[in-house]
Amino acid sequence: NQCTSLNIIATDWFMMKVIQLLDTIGVRHGLMLVGPTGGGKTCNYRVLQRGRSALAVRGVGDFSKVQVHVLNPKSITQAQFYGAFDPV
C-alpha cells in the first residue's frame, strides 16, 4: 500500500530489501544506507517509515510513528560521524 502511494513497484526483491532493513534496525542502534545512485536506498527507508507510521496510526501492535533524520556526511568530521576514542 505504501509503495503505491510513492509510485514504487513492490517487486519481491525490493520488499526483501525493506524487510532486511527492518531486521537490521531491530538489532542495531544506528545504521547507514550505502550503495550506488539509483539503488533504492531512499525508497527503501521511506516505504518502511510510512508503513510503520501507518500501523501506529491504526493502533496495530506496538508500533509508533517513525521520524527520520537524514545527515549529510560531508557536513561533519569523520570522528563526529563514526565516533572516536578519547583516551583522557
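Placed above this text is the structure.
Keep in mind the model is a prediction, meaning the values are calculated, not measured. (Residues numbered from 1 in each chain as written. Predicted model: local features only at pLDDT ≥ 70, side-chain atom pairs only at ≥ 80, totals over all residues. Heavy atoms only, no water.)

A. Spatial organisation of the overall build of the chain. A count of helices and strands for the chain gives four helices and zero strands. Here the chain holds 88 residues, and 12% of them are scored as buried. Across the chain, every contact between residues at least 6 apart in sequence was considered, and the portion connecting residues at least 24 apart equals 50%. Carbon and sulfur atoms provide 56% of the accessible area of the chain, an area that totals close to 7300 Å². Treating the 9 positive side-chain charges of the chain as one cloud and the 4 negative ones as another, the clouds have centres 11 Å apart. (Helix = DSSP H or I, 4+ residues; strand = E, 2+ residues; numbered from the N terminus. Buried < 20%, exposed > 50% of the residue type's maximum accessible area, 1.4 Å probe, protein only. Contact = heavy atoms within 4.5 Å. Areas by Shrake-Rupley, 256 points an atom, 1.4 Å probe, with all protein chains shown as cover. Lys, Arg positive; Asp, Glu negative; His and termini not counted. Charge placed at Lys NZ, Arg CZ, Asp CG, Glu CD.)

B. Examining a nonpolar patch on the surface more closely. Taken together, I25, L31 and L33 make up a surface patch of nonpolar side chains, about 230 Å² in accessible area. Note on placement: I25 falls in helix 2 (residues 12-27). Since its relative accessible area comes to 41%, I25 is described here as partly exposed. (Patch = residues over 30% accessible without salt bridge, like charges linked within 9 Å, V, L, I, M, F, W, Y side chains within 5 Å. Salt bridge = Lys/Arg side-chain N within 4 Å of Asp/Glu carboxyl O.)

C. Fine view of the nonpolar core. C3, I8, F14, V18, L21, V47 and L48 form the largest nonpolar core, which has seven residues in total. Broken down by element, the residue count for this core peaks at three residues, all from helix 2. (Core = buried A, V, L, I, M, F, W, Y, C linked by side-chain atoms within 4.5 Å.)

D. A look at the side chain of N44. Relative to the helices and strands, N44 is located in helix 3 (residues 41-58). For N44, the side chain forms a polar contact with the main-chain oxygen of K17, separated by 3.3 Å. With near-sequence residues (within four places) excluded, N44 lies in contact with F14, K17, V18 and L21. (Polar contact = N/O pair within 3.5 Å; in protein donor to acceptor, adjacent residues only side chain to side chain.)

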